[in-house]
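As a plain string of letters, each chain reads:
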Amino acid sequence: MARLVRILAAVVAVLALLVVVFLVYAHTVMQGERPAALAAWRDESVEITSHDAGIVIEPVEGATGAGLVFIPGAKVDPYAYLYKLSGVAEASGLTVVITKPTLNLAFFDQRPLSTFTSLAPEVDDWYVGGHSLGGVRACQLADGAAEASEPIGGPSGPEPGEGVRGEPRPVGLMLFGSYCANDLSESGLEVLSISGANDGLSTPSKIAAAAPLLPAGARFDELEGVNHADFGDYGAQPGDGESTRDDADVRDGIGAIVAGFVG
């Protein structure tokens, strides 16, 4: 009996150690660069509000009534995207909600899309998107939200942007240095894929290989000289290619592409 107790105690100790190691790993994030974040906070063309579930970036003028729920890459500080996405809000008129994923890993965040869209109740139509693994999760979230808002009990169903089970129906998907792992080719979503020619992680070849999973009308834009980390501001990332573009230039490029996409 004593031996069994010692074995069980050893197993519990090992499991506890594994949990501690994982929690330390999950909370060791790639921190956002302070100067870029401050530039966003000081930008008078947008208004930024932080909530428990996410960060809302609203254009001060020219809001279109549409929004983007943006999911950060794995273990990247959500605030690392403030500078680039404030440029998106300013250029396109979109309200952007940057999620704060559970344990800093999008795949552990099982909250519904409405958790984040509720932070900007004035928005009528929503896109969902993300960077790197956040984009992969966005593909799943867009698919699941679309299924959850399918009409029930006949041809009369929700209008675009409305869901019958309390979930918004996304009008489109935006991928930033990312690609889908699930098949959305028949989803009817409007899709934009922005990639970097120098991306060493979501490489051009990987994006091309996953392209058949997107609808036939998906738009692909590749930014010359841009690497994986250029979609945020958190420093160099292991395995990435070398960036040859200035951060402000990348910000303007991304903003212009999104603005063109949403019209």
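None of these values were measured; they are calculated from a predicted model.

Caption draft 1: Looking closely at the pattern of salt bridges. In total, this model carries seven salt bridges according to the counting rule given. Note that Asp233 is salt-bridged to Lys84, the shortest N-O span being 3.4 Å. Within this pair, whereas Asp233 is found in the loop between β8 (219-223) and α7 (247-262), its partner Lys84 is found in helix α3 (residues 82-92), the two being separated by 149 residues in sequence. Each member of the pair, Asp233 as well as Lys84, carries the same accessibility label: buried. The partner of Arg219 in a salt bridge is Asp221, with the nearest N and O atoms 2.5 Å apart.

Caption draft 2: Geometry of the nonpolar core. Ranked by internal contacts, the top residues of the largest apolar core, which has 34 residues, are Ile57, Ile98, Met174, Phe176, Ile194, Ile254 and Val258. Of the residues forming this core, the biggest block, five residues, is contributed by α7. Counting residues in each nonpolar core, the second largest holds 24 residues, with Val56, Val97, Ala138 and Leu184 among its members.

Caption draft 3: Inspection of empty space enclosed by the protein at higher detail. Counting across every chain of the model gives two cavities of 30 Å³ or more. Taken as a whole, the largest cavity spans an internal volume of roughly 70 Å³. Lining of the largest cavity is provided by Ile71, Thr99, Pro101, Ala106, Asp109, Arg111, Phe116, Arg137 and Leu141. Computed from the structure, the second largest cavity encloses a volume of approximately 40 Å³. For the second largest cavity, the full set of lining residues is Phe70, Tyr81, Lys84, Leu85, Val88, Phe176, Phe231 and Ile254. For the lining of the second largest cavity, the class distribution of residues is seven nonpolar, no polar and one charged.

Caption draft 4: Here's a closer look at the pairing of strand β5 (residues 125-131). Buried residues dominate β5, accounting for six of its seven residues. Taken together, the five bridges between β5 and strand β6 (residues 172-176) define a ladder with parallel strand orientation. Its bridge partner lying in β6, His131 is registered against Phe176.

Caption draft 5: Inspection of the packing of aromatic side chains at higher detail. In total, this model carries three aromatic pairs according to the counting rule given. In textbook terms, an aromatic cluster arises when at least three aromatic residues are bridged by ring pairs, as seen for Phe70, Tyr81 and Phe176. The ring of Tyr83 has Arg251 lying over it, and the distance from NZ or CZ to the ring centre is 4.8 Å.

Caption draft 6: Structural detail: the packing of helix α2 (residues 34-41) against α3. It is the contact of α2 with α3, at a shortest axis distance of 8 Å, that shows an interaxial angle of 30°. Classified by the interaxial angle, the pair formed by α2 and α3 is roughly parallel. In this structure, α2 uses Ala36, Ala37, Ala39, Ala40 and Trp41 to contact α3, whose residues at the interface are Leu82, Tyr83 and Ser86. Split by residue class, the contact of α2 with α3 holds seven nonpolar, one polar and no charged.

Caption draft 7: Layout of the layout of surface pockets. Taken as a whole, the largest pocket encloses approximately 200 Å³ of empty space. Lining the largest pocket are 14 residues, and of these Ser132, Leu133, Leu201, Ser202 and His228 lie nearest its centre. Among the residues forming the lining of the largest pocket, the class breakdown is seven nonpolar, seven polar and no charged.

Caption draft 8: Layout of the pairing of strand β2 (residues 54-59). Burial analysis of β2 places five of its six residues in the buried class, the great majority of the element. As judged from the five bridges shared by strand β1 (residues 46-50) and β2, these two strands associate in the antiparallel manner. Each bridged residue has a counterpart across the sheet, and for Glu47 the counterpart in β2 is Glu58. Counted between consecutive antiparallel strands, the loop separating β1 from β2 contains three residues. In terms of strand pairing, β2 meets strand β4 (residues 95-99) through four bridges, oriented antiparallel. Its bridge partner lying in β4, Ile57 is registered against Val96.

Caption draft 9: Expanded view of the state of the cysteines. Counted according to the given criterion, the structure contains one disulfide. Covalently, Cys139 is tied to Cys180 through a disulfide, its sulfur atoms 1.9 Å apart. Because the torsion about its S-S bond is -80°, the bridge between Cys139 and Cys180 counts as left-handed. With Cys139 in helix α5 (residues 133-148) and Cys180 in the loop between β6 and β7 (190-196), the pair connects residues that are 41 residues apart, well separated along the chain. Since its relative accessible area comes to 0%, Cys139 is described here as buried.

The rules behind these values
- Residues numbered from 1 in each chain as written.
- Predicted model: local features only at pLDDT ≥ 70, side-chain atom pairs only at ≥ 80, totals over all residues.
- Heavy atoms only, no water.
- Salt bridge = Lys/Arg side-chain N within 4 Å of Asp/Glu carboxyl O.
- Helix = DSSP H or I, 4+ residues; strand = E, 2+ residues; numbered from the N terminus.
- Buried < 20%, exposed > 50% of the residue type's maximum accessible area, 1.4 Å probe, protein only.
- Core = buried A, V, L, I, M, F, W, Y, C linked by side-chain atoms within 4.5 Å.
- 1 Å grid on protein atoms, 1.4 Å probe; cavity = no way out; pocket = protein on both sides within 12 Å on 5 of 7 lines; lining within 4 Å.
- Points joined across faces, edges and corners; volume = space filled by probe spheres on them.
- Nonpolar A, V, L, I, M, F, W, Y, C, P; charged D, E, K, R; others polar.
- Pairing = 2+ DSSP bridges.
- Phe/Tyr/Trp six-rings, centres within 6.5 Å; stacked < 30°, edge-to-face > 60°.
- Lys NZ or Arg CZ within 6 Å of the ring centre and 35° of its normal.
- Axes fitted to C-alpha atoms, helices over the stretch in contact; angles between N-to-C directions.
- Parallel < 35°, antiparallel > 145°, perpendicular 65-115°, else oblique.
- Contact = heavy atoms within 4.5 Å.
- Disulfide = S-S within 2.5 Å.

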